[in-house]
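Chains, contacts and geometry: an overview
Letter by letter, the chains look like this.
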Amino acid sequence: MGVDLLSRVERSCARNAGVKSLRLAVLADLGAAVAFDGHVWLLTDPATSVGTSPLATLPGLPMTRLPDLIRARYLTTSTRWTCLTGSRGPATSWCRARDREAASSSPWREILAEFGVCDVATLVFADRFGCWGWLDLWRFEPRPQFSAEDIARMSQITPLVTAALRSRQAGHFTDSVRTADSTGPAVVVLDQGLRLRGQTAGAGSRLYQLNPPDAGPDGRIPDVPAIPAAAYNVAAQLIAREQDVAAAPPRARVFLEQYGWLTLEADRISGAGPPAGREIAVTIEPSGFTDRLDLFARVNGLTGREREVLGHICAGMDNRSIAAAVSVSEYTVHDHVKSVLAKSGCGNRTILLARVAG
């Protein structure tokens, strides 16, 4: 059965070109092999592991409780996706790790108990170039907890899915942006409980693309405001960082076909009183050149030296100048440049620079 799941996921990774269709196909594969009742699958910024682009189905959870769920998830310790790398493996479950839960994760325990969740399995999709996403699979009572065999089988698929997610993100550097952004500044204001206090029109437009409402029975998208789940995630990371649960900065980069690469970042609004009592502002802006360069290197799997050479190429340096800067021969630089072009699918430096700069 485990081999069968692996084969199905391998076919799904080969067939599905889009990130969303890939996730839906893998969820179907998992559902046929390992039963679950709900799921939350987020893409993540590869450097910060902060979530964006949620794909979720959680029966019985009202949307009004979504901020509580996200905040609690980011404050969870032992089953946090950022911990599921290295020797601990890419998957675990709530019940298998419960004895290691710290007091700071009690809101997560309370939410699971409130909605009758018996177990949550977590898979992280990460490689040496970054974290590309994480998936929570929920089981409600009276189902049994996830078994060790379930976790082992799910762990087997993570390398395949990780490679596919990173490959799909690389494709965004060749995607064309449909329309220019003319909606103005994008700012979301949240309180400490992640309740929406206000947002600009530009934020609403971007958030709608990040997490559009589901289609109704007639197939039409309802005319309702988008749920600002991406803003919730970045703000939740800020709170987790303040409480020493996570060290990464509260920022995430994501691609939208109507806007290109965007960077979301959270910070406290200045004012009197302790930081925890002040509102949180989340900005959504076009990603700058440095962010695009970092993402380009990660999604294309560049080595440290190749990334260094790429930076010099983007600064307009020729091979001789690069060789002097990195203390290697011109022949070695030529090989590195050739490798960067091959990995990124660029025919020459002009195309390479155009894709990095957007």
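A look at the overall build of the chain
Across its full length, the chain carries 13 helices and 10 strands. Counting across all 358 residues of the chain, residues that qualify as buried make up 51%. Within the chain, counting contacts between residues at least 6 apart in sequence, those at least 24 apart form 61% of the total. Accessible surface, the chain: about 15800 Å² in total, of which carbon and sulfur atoms supply 53%.

Details of the side chain of Thr76
With respect to the helices and strands, the residue Thr76 is situated in the loop between helix H3 (66–75) and strand S3 (91–93). With relative accessibility at 0%, the residue Thr76 sits in the buried group. A distance of 2.9 Å separates a polar atom in the side chain of Thr76 from the backbone oxygen of Ala72.

Focus: the side chain of Ser53
Mapped onto the elements of the fold, Ser53 is located in strand S2 (residues 51–57). Once you skip the residues sitting within four places of it in the chain, Ser53 turns out to touch Arg23, Trp41, Leu42, Leu43, Leu210 and Val254.

Notes on the packing of aromatic side chains
If you walk through the whole model with that rule in mind, you get 9 aromatic pairs. Residues Tyr74 and Trp81 carry aromatic rings whose centres are separated by 4.9 Å and whose planes lie at 80 degrees to one another, so their mutual orientation is edge-to-face. Seen from their ring centres, Trp81 and Trp134 are 3.6 Å apart, and the 5 degrees between their planes marks the pair as stacked. Highlighted residues: Trp81 in the loop between H3 and S3 and Trp134 in strand S5 (residues 130–140), separated in sequence by 53 residues. Of the two residues, Trp81 and Trp134, both sit in the buried class. Aromatic ring contacts, followed pair by pair, group Phe173, Phe255, Trp261 and Phe296 into a single cluster. Across from the ring centre of Trp108, 5.0 Å away, lies the NZ or CZ of Arg73, which sits over that ring.

Considering the nonpolar core
Judged by nonpolar contacts, the single largest core of 53 residues is most densely connected at Leu69, Tyr74, Trp108, Trp138 and Val282. At 9 residues, the largest contribution of residues to this core is made by helix H8 (residues 229–242). With residues up to four places along the chain from it excluded, the contact list for Tyr74 reads Val50, Gly51, Arg80, Trp81, Trp134, Asn233, Ala236, Gln237, Ala240 and Val245.

Quick look at the pairing of strand S7 (residues 196–199)
Successive residues of a regular strand alternate their side chains across the two faces of the sheet. Alignment of strand S6 (residues 187–190) against S7, held across 3 bridges, turns out to be antiparallel. Pairing of Val188 across the sheet is with Gln199, part of S7. Hairpin connection, S6 to S7: the antiparallel pair is bridged by 5 residues, and Leu194 has positive phi, about 65 degrees.

Focus on helix H12 (residues 330–344)
For H12, with 15 residues, the first-to-last C-alpha span of 21 Å sits near the 21 Å given by 1.5 Å per residue. Every buried residue of H12 is listed here: Val333, His336, Val337, Val340, Leu341 and Ser344. The arc that holds the buried residues of H12, viewed along the axis, is 135 degrees, so those residues lie on one side. For H12, the exposed residues lying more than 90 degrees away from the buried face are Tyr331, Lys338 and Ala342.

Here we look at the sheet that holds strand S4 (residues 117–127)
In space, the 5 strands of this open sheet follow the order S2-S1-S5-S4-S3, with antiparallel pairing throughout. Edge positions in the sheet fall to S2 and S3, since each has one partner strand and no second. Along the sheet, successive strands turn relative to each other by an average axial angle of 15 degrees, direction set aside. Contacting S2, S4 and S5, H3 runs over the sheet at an angle of about 115 degrees to S5.

With respect to the sheet that holds S6
If you trace the 5 strands from one edge of the open sheet to the other, you get S7-S6-S10-S9-S8, paired in antiparallel fashion. A strand with exactly one partner marks an edge of an open sheet, and here the two such strands are S7 and strand S8 (251–256). Each neighbouring strand pair of the sheet contributes to a mean axis angle of 20 degrees, computed without reference to strand direction. Against the sheet, helix H9 (residues 289–299) makes contact with S8 and strand S9 (260–268), and its axis sits at roughly 75 degrees relative to S8, the strand it touches most.

Analysis parameters
Residues numbered from 1 in each chain as written. Predicted model: local features only at pLDDT ≥ 70, side-chain atom pairs only at ≥ 80, totals over all residues. Heavy atoms only, no water. Helix = DSSP H or I, 4+ residues; strand = E, 2+ residues; numbered from the N terminus. Buried < 20%, exposed > 50% of the residue type's maximum accessible area, 1.4 Å probe, protein only. Contact = heavy atoms within 4.5 Å. Areas by Shrake-Rupley, 256 points an atom, 1.4 Å probe, with all protein chains shown as cover. Polar contact = N/O pair within 3.5 Å; in protein donor to acceptor, adjacent residues only side chain to side chain. Phe/Tyr/Trp six-rings, centres within 6.5 Å; stacked < 30°, edge-to-face > 60°. Lys NZ or Arg CZ within 6 Å of the ring centre and 35° of its normal. Core = buried A, V, L, I, M, F, W, Y, C linked by side-chain atoms within 4.5 Å. Pairing = 2+ DSSP bridges. Expected span 1.5 Å × (residues − 1). Arc of directions from axis to C-beta. Axes fitted to C-alpha atoms, helices over the stretch in contact; angles between N-to-C directions.

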